[in-house]
Amino acid sequence: MTTTSRATLRPLYARLDDASVEEIPFHAGDGTKLGLTRVTRGHQDRPAVLLLHGHTASSDMFTQPETRNLVEVLLDEGYEPWLLDWRGSCRLPYNETGRRYTYDDVALYDIPAAVSYIRQRTAGRPLFAVAHCIGALSLSMSMTAGLVPGLAGVVAQGVFLTPKLAGRTSLKMSVAGELFRSRFDHIPVDFRKVGFRSRYTALFALASRGASCPDPTCQILCNSAWGVGASLYEHDNLSSATHDRLAELLGPAPLWILPHLRRVTLARSVVRWNQDDHRYRALPENALDRASVIDTPVLLLSGSENGMWLDSQKLCRDVLAARQPQLDVRYTEIPGYGHFDAFVGRGAALDVFGHILEFLGERA
């Protein structure tokens, strides 16, 4: 089965009052069917903002109806949001079925194609990007390859050029990942679908050790991050409605992506996986070594309690300040926030989005 077949995009889960939502038939540069959504309100001459979710999440994380979401905030402040569901989206089937991919494919085919299309539709208006987690990591590779030049500004949340995991997380990713890959293609998060009598039961049981929340989906995400021992959010920052929808917001994690993820974390840099395939030669072997190519201001955001990527963003700011002092890079830490809750937390509109709007407003 190719990635262009049987890819049915489920509907965007959103409540966007007085806004026009355009679902666009869209394909990546290699023909893979993706999702691209344009949200407009009022005037058509607004600066555009491309929103990039993290791996196993989707554009739903920017439009959740139970809180004041980022798309609503951007619309109210005079921006035109564009939401890309790249191939790692849980609104698409590729994490569980279809041809396997690496983050090279996202950086080479998904993000540049979306930027090119948006620029064609917006006729030279400023284009910003706000990216979360692996969406930001992949964007850093696209930027250092020179594939998305001239962005008006980039907000990278959680991680960017210098991915850093806790030692125990790296160890579990290496050891447990190899053990799991012999039995599973992916790690599910919705215990209601797998049930008690499934081959995943033991994994959910391990994830529940020491967990304070009785919900199995929350345990495997907040207490274990798909079995690697990290945490994706600060539990108390989620509303009860968001907590109940975690299985919709974060989908199964493919285990075959772990070798690339392990390589970038060991290198403490975003490195290319496909070293011998000529199709990927446009990407740098090591994105950090090509950081001088970055031609746009960058805001590095991270929660102070980031249980996934730790202080990766502070490290990135420090490394770039030493190696590439000419770059316009700033770092902002959000007190009391973890990783995923920086966008879906019940107080994110007050605590986080203001930093994004201030950065965009200085350059719009």
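Residues numbered from 1 in each chain as written. Predicted model: local features only at pLDDT ≥ 70, side-chain atom pairs only at ≥ 80, totals over all residues. Heavy atoms only, no water.

Engineer: I keep staring at the overall build of the protein chain and nothing clicks. Help me out?
Structural biologist: A tally of regular secondary structure across the protein chain gives 14 helices and 10 strands. A compact globule built from 364 residues would reach a C-alpha radius of gyration of about 21 Å, and the protein chain, at 19 Å, matches this within 12%. When its C-alpha atoms are laid out on the principal axes, the protein chain stretches across 55 × 45 × 45 Å. The 364 residues of the protein chain split such that 61% are buried. (Helix = DSSP H or I, 4+ residues; strand = E, 2+ residues; numbered from the N terminus. Rg over C-alpha atoms; globule rule 2.2 N^0.38 Å. Buried < 20%, exposed > 50% of the residue type's maximum accessible area, 1.4 Å probe, protein only.)

Engineer: Can you help me understand the pattern of salt bridges in this one?
Structural biologist: A full pass over the atoms with the stated rule returns 24 salt bridges. One salt bridge in this structure joins Arg-87 and Asp-110, with 2.5 Å as the shortest N-O distance. Linking Arg-87 in the loop between strand S4 (80-85) and helix H2 (103-122) with Asp-110 in helix H2, this pair joins segments that are 23 residues apart in sequence. Summarising the burial analysis for this pair, Arg-87 and Asp-110 share the class buried. Put simply, Arg-272 and Glu-285 hold a salt bridge, and the shortest N to O gap is 4.0 Å. (Salt bridge = Lys/Arg side-chain N within 4 Å of Asp/Glu carboxyl O.)

Engineer: Would you mind showing me how to read the sheet that holds strand S1 (residues 20-27) here?
Structural biologist: Hydrogen bonds along the backbone pair up the strands of a sheet, which may run parallel or antiparallel. If you walk across this open sheet you meet the eight strands as S1-S2-S4-S3-S5-S6-S9-S10, and the pairing is mixed. This sheet does not close on itself; its edge strands, each paired only once, are S1 and strand S10 (329-334). In this sheet, adjacent strand axes meet at a mean angle of 20° when their direction is disregarded. Inspection of the sheet shows S1 paired to strand S2 (residues 33-40) by eight bridges, in the antiparallel sense. Within S2, the position partnered with Val-21 by the bridge is Val-39. Contacting strand S3 (48-52), strand S5 (127-132), strand S6 (153-157) and strand S9 (298-303), helix H3 (residues 134-144) runs over the sheet at an angle of about 135° to S5. (Pairing = 2+ DSSP bridges. Axes fitted to C-alpha atoms, helices over the stretch in contact; angles between N-to-C directions. Contact = heavy atoms within 4.5 Å.)

Engineer: How should the packing of aromatic side chains be read in this particular structure?
Structural biologist: Tallied over the full model, the rule gives seven aromatic pairs. Centre to centre, the rings of Tyr-79 and Phe-128 are 6.3 Å apart; their planes meet at 85°, and the pair counts as edge-to-face. Of the two residues, Tyr-79 is situated in the loop between helix H1 (70-76) and S4 and Phe-128 in strand S5; the sequence distance between them amounts to 49 residues. According to the relative accessible area criterion, Tyr-79 is buried, its value standing at 6%. Summarising the aromatic geometry, the rings of Tyr-109 and Tyr-280 are spaced 6.1 Å apart at their centres and angled 70° between planes, so their arrangement reads as edge-to-face. Here Tyr-280 lies in the loop between helix H10 (258-267) and S9 and Tyr-109 lies in helix H2, a separation of 171 residues in the sequence. Taken as a pair, Tyr-109 and Tyr-280 share a single burial class, namely buried. Aromatic rings pair up to connect Phe-26, Trp-82 and Tyr-117 into one cluster. (Phe/Tyr/Trp six-rings, centres within 6.5 Å; stacked < 30°, edge-to-face > 60°.)

Engineer: I would appreciate a short explanation of unusual backbone geometry in the present structure.
Structural biologist: Most peptide bonds take the trans form, and the phi angle of most residues other than glycine is negative. Positive phi is not limited to glycine here, since Ala-123 has a value of about 50°. Position of Ala-123 among the secondary structure elements: in the loop between H2 and S5. Taking the relative accessible area as the measure of exposure, Ala-123 reaches 69% and is therefore exposed. In the Ramachandran plot, Ala-225 falls in the positive-phi region, its phi being about 50° despite a non-glycine side chain. Its location among the elements puts Ala-225 in the loop between helix H7 (216-222) and helix H8 (240-244).

Engineer: Looking at this model, I keep getting lost on the environment of Gly-158. Mind explaining?
Structural biologist: Looking at the secondary structure, you find Gly-158 in the loop between S6 and helix H4 (167-181). C-alpha of Gly-158 to C-alpha of Asp-295: the two residues are 137 residues apart in sequence and 21 Å apart in space. In this structure, Gly-158 is in contact with Leu-301, Ser-302, Asn-306, Trp-309, Ser-312, Gln-313 and His-339, ignoring residues within four places of it in sequence.

Engineer: Can you help me understand H3 in this one?
Structural biologist: One full turn of an α-helix is made of 3.6 residues, so residues set three or four places apart face in the same direction. By the criterion of burial, H3 is predominantly enclosed, with 11 of the 11 residues buried. Restricting attention to buried positions, one finds in H3 the residues Ile-134, Gly-135, Ala-136, Leu-137, Ser-138, Leu-139, Ser-140, Met-141, Ser-142, Met-143 and Thr-144. Of the surrounding elements, those touching the buried residues of H3 are S3, H2, S5, S6, H10 and S9. Remark: Gly-146 follows H3 within two positions and exhibits a positive phi of approximately 75°.

Engineer: It is not clear to me how the packing of H2 against H3 should be interpreted in this structure. Could you clarify?
Structural biologist: Between H2 and H3, the least distance of the axes is 8 Å, while the angle of their chain directions is 75°. With respect to their mutual orientation, H2 and H3 come out roughly perpendicular. Of the residues in H3, those touching H2 at Tyr-103, Val-106, Ala-107, Ile-111 and Pro-112 are Ile-134, Gly-135, Ser-138, Leu-139, Met-141 and Ser-142. Tallied by class, the residues present in the contact of H2 with H3 amount to eight nonpolar, three polar and no charged. (Parallel < 35°, antiparallel > 145°, perpendicular 65-115°, else oblique. Nonpolar A, V, L, I, M, F, W, Y, C, P; charged D, E, K, R; others polar.)

Function-wise, these values are silent; they only describe arrangement.
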